[in-house]
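Results of the structural survey
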Amino acid sequence: MKKFLTLVIVVAMFIMPLSLPASASTVNITESETAVQPRLNEEVTLTLGDIWVDVYTENNWLNADLTVSNHTTSAYDVDIRIVSKDHKKTLKGSQTIESGSSATFYNIPSGGYIIQGRATDGIGREYTLSLED
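Residues numbered from 1 in each chain as written. Predicted model: local features only at pLDDT ≥ 70, side-chain atom pairs only at ≥ 80, totals over all residues. Heavy atoms only, no water.

**With respect to the pattern of salt bridges**
In total, this model carries 2 salt bridges according to the counting rule given. Linking Arg118 and Asp79 is a salt bridge whose minimum nitrogen-to-oxygen distance equals 3.5 Å. Highlighted residues: Arg118 in strand β7 (residues 111–119) and Asp79 in strand β4 (residues 78–84), separated in sequence by 39 residues. Residue Arg118 is classed as partly exposed on the basis of its relative accessible area of 27%. (Salt bridge = Lys/Arg side-chain N within 4 Å of Asp/Glu carboxyl O. Helix = DSSP H or I, 4+ residues; strand = E, 2+ residues; numbered from the N terminus. Buried < 20%, exposed > 50% of the residue type's maximum accessible area, 1.4 Å probe, protein only.)

This is the structure:
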C-alpha cells in the first residue's frame, strides 16, 4: 500500500504541472528594440585649424566601420583620418567631409586608435562632428 501511494504521488507530481496554465506574460518587442545599436555614437564639438587634432580616442575597436558626419552648423569642410594610438601610423588616410555630409571609413581592424581632424582650409573654426560605428 505504501508503494502504491508513493507511485500515485509521483505520477501526480508529473501530471499537475502539465495541466496548470502557464503564468508567463506576453511582451511585445518593437523592431527598433531588436536593431543592432552602434557601440560608438558620439557628437563632438571642437575648434579645428591647420594641424591635426585628436577628435576621439577609441581603445577597443572590433573590426568596425566608422561613419563621421560634419553637421550643417559647421559651414566648412573638414579632413578626418584615423591613426594609431602612438601617432606613428596612419591607418585610414584623410577624407574630406563637406558641411552637412558624411564619410565612412571601412574595415578598421581591431585595436585602439585615434580619430583626428583638421580644417580643410586651415582656418580655425568650430566644428560639430558625429561619430558612429
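Picking up where we left off.
**Thoughts on unusual backbone geometry**
With glycine set apart, most residues show a phi of negative sign, and most peptide bonds adopt trans. Phi at His87 takes a positive value of approximately 65°, unusual for a residue other than glycine. Secondary-structure assignment places His87 in the loop between β4 and β5 (90–97). One non-glycine residue, Asn107, lies in positive phi territory at about 55°.

**Section: the sheet that holds strand β1 (residues 41–48)**
In space, the 4 strands of this open sheet follow the order β1-β8-β3-β6, with antiparallel pairing throughout. At either end of the open sheet lies a strand with only one pairing partner, and these are β1 and β6 (102–108). Neighbour to neighbour, the strand axes of the sheet diverge by 25° on average, direction disregarded. Across 4 bridges, the pairing between strand β3 (residues 64–70) and strand β8 (residues 125–132) is antiparallel. (Pairing = 2+ DSSP bridges. Axes fitted to C-alpha atoms, helices over the stretch in contact; angles between N-to-C directions.)

**Overview of the sheet that holds β4**
Read from one edge of the open sheet, 4 strands run β2-β7-β4-β5, paired in antiparallel fashion. What marks the edges here is a single partner per strand, and that holds for β2 (53–61) and β5. Neighbour-to-neighbour, the strand axes of this sheet turn through a mean angle of 15°, independent of strand direction. In the sheet, β4 pairs with β5 via 5 bridges, with the strands oriented antiparallel. Residue pairing in the sheet places Asp79 in a bridge with Thr96 of β5.

**Here we look at the side chain of Asp79**
On the basis of relative accessibility, which here comes to 6%, the residue Asp79 falls in the buried class. Within polar-contact distance, the side chain of Asp79 engages the side chain of Thr96 at 2.6 Å. Excluding anything up to four places from it in sequence, Asp79 contacts Trp52, Ser94, Gln95, Thr96, Gln116, Gly117, Arg118 and Thr120. (Polar contact = N/O pair within 3.5 Å; in protein donor to acceptor, adjacent residues only side chain to side chain. Contact = heavy atoms within 4.5 Å.)

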